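Chains, contacts and geometry: an overview
Listed here are the chains, written in short residue letters.
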Amino acid sequence: MVMIPKNYGSVFLKSILLVFVFVCFSGYSQKSNNKAKFKVIAFYTAKNDQAHISFVHEANKWFPKMAKENHFIYDSTSNWNNLNAKFLANYQVVLFLDTRPENADQREAFEKYMKNGGGFMGFHFSAFALNDSDYPQNWDWYHNQFLGSGEYGSNTWRPTSAILRIENQHPVTKNIPEKFKSAPNEWYRWSNDLTKNPDIEILLAIDESSFPLGTGPKPNEIWHNGYYPVVWTNKKYKMLYVNMGHNDIDYEHGTNKTLSYTFENETESKLILNGLLWLGNSKK
């Protein structure tokens, strides 16, 4: 026979009351989330190159902290099948942390999202395209029209800091020094001349004082001159491309240890946060 305590009714009522309070509290928490200024969704692969993987992990720690401090919501996913109209409708800004979508339906959904006023920030490898590689130039709208950069041309090596110079004043460059030293990075050169594209507004470029840039060992991995944009926007869209996003890694000793972190650079981080807030709070 089951014995029922005399105070069973009192205990039951207290339990119901606790559940009610918990439900009310949970509802309040959800309401506070709904007051966020905007929502960000970051897509990533984190499988190609330890330097890119390191950056993705770093970004997925840094952005949630910035979201809490600046009242926006940051989500991330490695499921590129989420790049569809229904899913994207929940977000005002899309980030590509390392790669790009490869599926035709995903690409179509992203293009429509951008043409309908969505926001976008892409980092480093997300613009990479090279024929006869795992990431061929087979998406003309994205590489030639949207980013404007075309194919990858070459890069510096090892990852080294550069002196970056502001080329045009913009909300992204607000309160950023005219010149500053970046975090170590692998810098890219492109096949298209962005200065000849009227839709592209270059915000930052590598300053001449950075040369020679890179340490080699191959001679072509050291840049001695030239004009290299590293942050720009396409004025037809709410978008920003940032060439940063390749941490320095100890490949030589086989440890794959991260030797530098992108978001440890205060000025560079401020620039990226400026960009995200501009994308999230502005209208097309």
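Residues numbered from 1 in each chain as written. Predicted model: local features only at pLDDT ≥ 70, side-chain atom pairs only at ≥ 80, totals over all residues. Heavy atoms only, no water.

Considerations on the environment of T77
By the secondary structure assignment, T77 is in strand 2 (residues 73–77). When its relative accessible area of 11% is taken as the criterion, T77 is described as buried. With 35 residues separating them along the chain, T77 and A42 place their C-alpha atoms 6.3 Å apart. Beyond its immediate sequence surroundings of up to four residues, T77 is in contact with I41, A42, F43, Y44 and N82. (Helix = DSSP H or I, 4+ residues; strand = E, 2+ residues; numbered from the N terminus. Buried < 20%, exposed > 50% of the residue type's maximum accessible area, 1.4 Å probe, protein only. Contact = heavy atoms within 4.5 Å.)

Remarks on unusual backbone geometry
The omega torsion across W157 and R158 is -10°, close enough to zero to call that bond cis. With omega at 0°, the peptide bond leading from F211 into P212 counts as cis. Even without being a glycine, D132 presents a positive backbone phi close to 65°. Mapped onto the elements of the fold, D132 is located in the loop between strand 4 (119–123) and helix 5 (140–146). Backbone geometry at N175 places phi at a positive 60°, although glycine is not the residue there.

Comments concerning the sheet that holds strand 2
In spatial order, the strands read 2-1-3-4-11-10-9-6-7; together these nine strands make up an open sheet with mixed pairing. Two strands in the sheet have a free side with no partner beyond their single neighbour: strand 2 and strand 7 (179–181). Direction aside, neighbouring strands of the sheet carry axes that sit 20° apart on average. Note that strand 1 (residues 39–43) and strand 2 share five bridges and pair parallel. Considered in strand 2, the bridge of K39 is made with I73. Along the sheet, helix 6 (residues 266–281) contacts strand 1, strand 3 (93–96), strand 4, strand 7, strand 9 (200–206), strand 10 (229–234) and strand 11 (238–242); its crossing angle with strand 4, the most-contacted strand, is approximately 155°. (Pairing = 2+ DSSP bridges. Axes fitted to C-alpha atoms, helices over the stretch in contact; angles between N-to-C directions.)

Here's the deal with the nonpolar core
Within the largest apolar cluster, 46 residues are counted, with the highest numbers of intra-cluster contacts made by F63, L95, L97 and I206. Looking at which element gives the most residues to this core, the answer is helix 2 (residues 50–70), with eight residues. Those residues in contact with I206 that lie beyond four places of it in its chain are A162, I163, L164, R165, W187, F211, L213, W223, Y228 and V230. Counting 31 residues, the second-largest nonpolar core is a separate cluster that includes Y113, Y135, L147 and Y188. (Core = buried A, V, L, I, M, F, W, Y, C linked by side-chain atoms within 4.5 Å.)

Overview of helix 4 (residues 104–115)
In this model, helix 4 (12 residues) spans 17 Å end to end at C-alpha, consistent with the 16 Å of a helix rising 1.5 Å per residue. Buried within helix 4 are the following residues: Q106, R107, A109, F110, E111, Y113 and M114. Where helix 4 is buried, its residues touch helix 3 (85–88), strand 3, strand 4, helix 5 and strand 11. Its side-chain oxygen placed 2.8 Å from the backbone nitrogen of D105, N103 serves as the N-cap of helix 4. Positive phi appears at G117, one or two residues downstream of helix 4, with a value of about 100°. (Expected span 1.5 Å × (residues − 1). Polar contact = N/O pair within 3.5 Å; in protein donor to acceptor, adjacent residues only side chain to side chain.)

Describing the packing of helix 2 against helix 6
Between helix 2 and helix 6, the shortest axis-to-axis distance is 12 Å and the interhelical angle comes to 60°. Judged on the interaxial angle alone, helix 6 and helix 2 are oblique. Like other packed secondary-structure pairs, helix 2 and helix 6 cross with a definite hand, here right-handed. Contact with helix 2, carried on its side by W62, F63, M66 and N70, involves S269, I272, L273, L276 and L277 of helix 6 and no other residues of that element. Split by residue class, the contact of helix 2 with helix 6 holds seven nonpolar, two polar and no charged. (Parallel < 35°, antiparallel > 145°, perpendicular 65-115°, else oblique. Left-handed = near helix turned anticlockwise from the far one by under 90°. Nonpolar A, V, L, I, M, F, W, Y, C, P; charged D, E, K, R; others polar.)

Focus on the side chain of T262
Topologically, T262 is positioned in the loop between strand 11 and helix 6. In this structure the side chain of T262 is engaged in a polar contact, spanning 2.8 Å, whose partner is the side chain of N247. Those residues in contact with T262, other than ones at most four positions away along the chain, are F55, E58, A183, M244, G245, H246, N247, E268 and S269.

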